[in-house]
Amino acid sequence: MRLRWSRQELALTHTFTIARSSASAKETLRVELEYAGIVGVGEAIPTSFYGQSLASAEAALAEMAGLLGGDPFQITPIVDRCLARFDDQRAAVSAVDGALHDWVGKRLGVPVWRLLGLDPEAAPLTSFTIGIDEPDVVEAKTAEAAGFPILKIKVGTDRDSEILSAVRRVAPDKVLRVDANGGWPPAAAAEHIRRLEPYHVELVEQPVEPGNNDVFRQLRQTAAVPIVADESCVRPADVVALAGCVDGINIKLSKCGGIREALRMIHTARACGLKVMLGCMIESSIGIAQAAHLAPLADWIDLDGHLLIREDPFEGIGGANGQLTLTDRPGLGVDRRC
Ligand code: MG
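It should be emphasised that the depicted structure is a prediction, and the values quoted were computed from it without experimental measurement.

1. A closer look at the packing of aromatic side chains
Aromatic ring pairs are defined here through the distance separating the ring centres and the angle between the ring planes.
Here comes step 1: Counting across every chain of the model gives four aromatic pairs.
Here comes step 2: Where phenylalanine 49 meets tyrosine 50, the ring centres are 5.1 Å apart and the plane angle is 85°; that geometry is what we call edge-to-face.
Here comes step 3: Measuring from ring centre to ring centre gives 5.6 Å for phenylalanine 73 and tryptophan 103, while their planes differ by 85°; the resulting arrangement is edge-to-face. Residue phenylalanine 73 is found in the loop between helix H1 (54-64) and helix H2 (75-85), and its partner tryptophan 103 is found in helix H3 (residues 90-108); the two are separated by 30 residues along the sequence.
Here comes step 4: Here the aromatic cluster, defined as three or more aromatic residues joined through ring pairs, consists of Tyr35, Phe73 and Trp103.
Here comes step 5: One cation-aromatic arrangement involves arginine 20 over phenylalanine 49; the distance from NZ or CZ to the ring centre is 3.9 Å.

2. Some words on the coordination of the magnesium ion
Here comes step 1: Those protein atoms acting as donors to the magnesium ion are Asp179 (OD), Glu205 (OE) and Asp230 (OD), and they sit at 2.1 to 2.2 Å.
Here comes step 2: Positions of the donor residues of the magnesium ion, expressed as sequence spacing, correspond to D-x25-E-x24-D. In this pair, glutamate 205 is assigned in strand S7 (residues 203-205) and aspartate 230 in the loop between strand S8 (227-229) and helix H9 (236-242), connecting sequence segments 25 residues apart.
Here comes step 3: A residue is classified by how much of its surface remains accessible, and glutamate 205, at 0% relative accessible area, is buried.
Here comes step 4: Exposure remark for aspartate 230: the relative accessible area of 0% places this residue in the buried category.

3. Remarks on the sheet that holds strand S3 (residues 38-44)
Here comes step 1: With respect to topology, three strands assemble into an open sheet ordered S1-S2-S3, the strand pairing being antiparallel. Either end of the sheet is taken by a strand with one partner, and the two such strands are strand S1 (2-17) and S3. The average undirected angle you get between the axes of adjacent strands in this sheet is 25°.
Here comes step 2: Bridge count between S1 and strand S2 (residues 22-35): twelve bridges; the pairing is antiparallel. Bridging from a neighbouring strand, serine 6 pairs with arginine 30 of S2.
Here comes step 3: Contacting S2 and S3, helix H12 (residues 285-292) crosses the sheet at an angle of about 95° to S3.

4. Examining the side chain of serine 284
Here comes step 1: Structurally, serine 284 can be placed in the loop between strand S10 (275-279) and H12.
Here comes step 2: Here serine 284 falls in the buried class, since its relative accessible area comes to 0%.
Here comes step 3: Not counting the four nearest positions on each side in its chain, serine 284 is found in contact with Gln8, Leu10, Glu43, His306, Ile309, Asp312 and Pro313.

5. Remarks on the packing of H3 against helix H11 (residues 259-271)
Here comes step 1: In contact at an axis separation of 8 Å, H3 and H11 are set at 105° when each is read in the N-to-C sense. Our classification of the angle between H3 and H11 gives roughly perpendicular. Of the residues in H11, those in contact with Arg90, Asp97 and His101 of H3 are Ile259, Arg260 and Glu261.
Here comes step 2: Classifying every residue of the contact of H3 with H11 gives one nonpolar, one polar and four charged.

6. Considering H11
Here comes step 1: Compared with an ideal rise of 1.5 Å per residue, which puts 13 residues at 18 Å, H11 spans 18 Å between its outermost C-alpha atoms and is within 8% of the ideal.
Here comes step 2: Along H11, the positions that sit buried rather than exposed are Ile259, Glu261, Ala262, Leu263, Met265, Ile266 and Ala269.
Here comes step 3: With its phi angle positive at about 75°, glycine 273 sits one or two positions after the end of H11.

7. Regarding the pattern of salt bridges
Here comes step 1: In total, this model carries 30 salt bridges according to the counting rule given.
Here comes step 2: Across the salt bridge formed by arginine 159 and glutamate 134, the nearest N and O atoms sit 3.3 Å from each other. One end of the pair, arginine 159, is in the loop between strand S5 (150-154) and helix H6 (160-170); the other, glutamate 134, is in the loop between strand S4 (128-130) and helix H5 (135-144), and 25 residues separate them in sequence.
Here comes step 3: Accessibility expressed as a relative area gives 35% for arginine 159, which makes it partly exposed.
Here comes step 4: Where glutamate 261 meets arginine 264, a salt bridge forms, and the shortest distance between an N and an O atom there is 2.5 Å. With glutamate 261 and arginine 264 both in helix H11, this residue pair falls three residues apart, about one helical turn.
Here comes step 5: When its relative accessible area of 30% is taken as the criterion, arginine 264 is described as partly exposed.
Here comes step 6: Sharing partners across several salt bridges, the network here consists of Asp80, Asp87, Arg90, Arg235, Glu261 and Arg264.

Here is what the cut-offs are and how they apply
- Each chain has its residues counted from 1, running along the sequence as written.
- In keeping with the predicted nature of the model, local features appear solely for residues at pLDDT of at least 70, side-chain atom pairs appear and are counted solely at 80 or more, and the whole-chain, interface and lining totals rest on all residues.
- In computing side-chain values, all of the structure's heavy atoms are included and hydrogens and water are not.
- Only Phe, Tyr and Trp rings take part, Trp by its six-membered ring, and two of them pair if their centres are within 6.5 Å. Stacked means planes under 30 degrees apart, edge-to-face means over 60, and tilted covers everything else.
- Counting from the N terminus, the helices are DSSP H or I runs at least four residues long and the strands are E runs at least two residues long.
- A ring is considered to have a charge above it if a Lys NZ or an Arg CZ atom is located within 6 Å of its centre and within 35 degrees of its normal.
- Atoms of type N, O and S within 2.8 Å of a metal are treated as its donors, and for Na, K and Ca the window is 3.2 Å; water is not considered, so some sites may appear to be missing partners.
- When a residue's accessible area, from a 1.4 Å probe over protein chains only, is under 20% of the maximum for its type it is buried; when over 50% it is exposed; and in between it is partly exposed.
- For two strands to count as paired, DSSP must find a minimum of two bridges between them.
- Only the stretch in contact is used when fitting a helix axis, every axis being a line fitted to C-alpha atoms; angles between N-to-C directions are given from 0 to 180 degrees.
- Only heavy atoms matter for contacts: two residues are in contact if any of them lie within 4.5 Å across the pair.
- Put simply, angles under 35 degrees are roughly parallel, angles over 145 are roughly antiparallel, angles from 65 to 115 are roughly perpendicular, and the rest are oblique.
- Residues are grouped as follows: Ala, Val, Leu, Ile, Met, Phe, Trp, Tyr, Cys and Pro are nonpolar; Asp, Glu, Lys and Arg are charged; every other residue, Gly included, is polar.
- To estimate how far a helix should extend, the number of its residues minus one is multiplied by 1.5 Å.
- For this analysis, a salt bridge means a side-chain nitrogen from Lys or Arg found within 4 Å of a carboxyl oxygen belonging to Asp or Glu.

Nothing here speaks to function; it is geometry throughout.
This is the structure we're talking about:
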């Protein structure tokens, strides 16, 4: 098996701001795995918050090329070898995992969702994300997102009520989810959540920083809305630790290490009575497709990274109006845009 990778620059339509950072472009790695004349593709989205960079992901990929062995159908042992060596470079592992799934699907002529035994009709609609901004800009962005029935609003500031108020002026009846990205101080989080009550949000994601599972547990007891962990939930063991502390977890493939590891987290979450959200970073249709094939297993979908960029180099997964398309195309079902 031959592994190669290249950097791809993704320019954002709008500068994207969350509680801890802001970006106008994102660079990811397109990974290709070639064997027997078939090329499988995957995408790595290294994230500094998890101790990753483009360089660290590239270094990990260079070493992973020697861990692949000679049979791409052995996805689970290959991914396990990569995770054992690179526990902290899960974005790179996810790209290899995605490329292996794409390769096997193409080799067998079936889409990944079918390899996984899933029903594409069961996939929920995706939310569309509105980053933190001045209230008038938030209002304009909400109007721009008119076609999306579900919105995820980034909060975690002292002006969250103004932001939600701006959204509600344009979208009085839409389903709204909020994500604080750990931006609220633990002692004030309950009050911040209470202030959002007039805006009838469906759930609150990551109200406080990771390392605060006890705070999550207290918030869950007092808050009137479900609490979902994102940054606090990276590996399967984190799911077990969060049982009883939150209502659900947000799984991202570049965070956890790909489809195989995500499946472990989903099944662990179900055994612990937790709901499941599938989320993403800023990424192209390759990375989104990797997660989208798991969508039928999720309660909530937030797979809009490819919709936030100006020129997606790949296509095939849809997403307009919140509807991702899981087609019969083999593998991940994405192709380079002509
Ligand atoms: Mg989040």
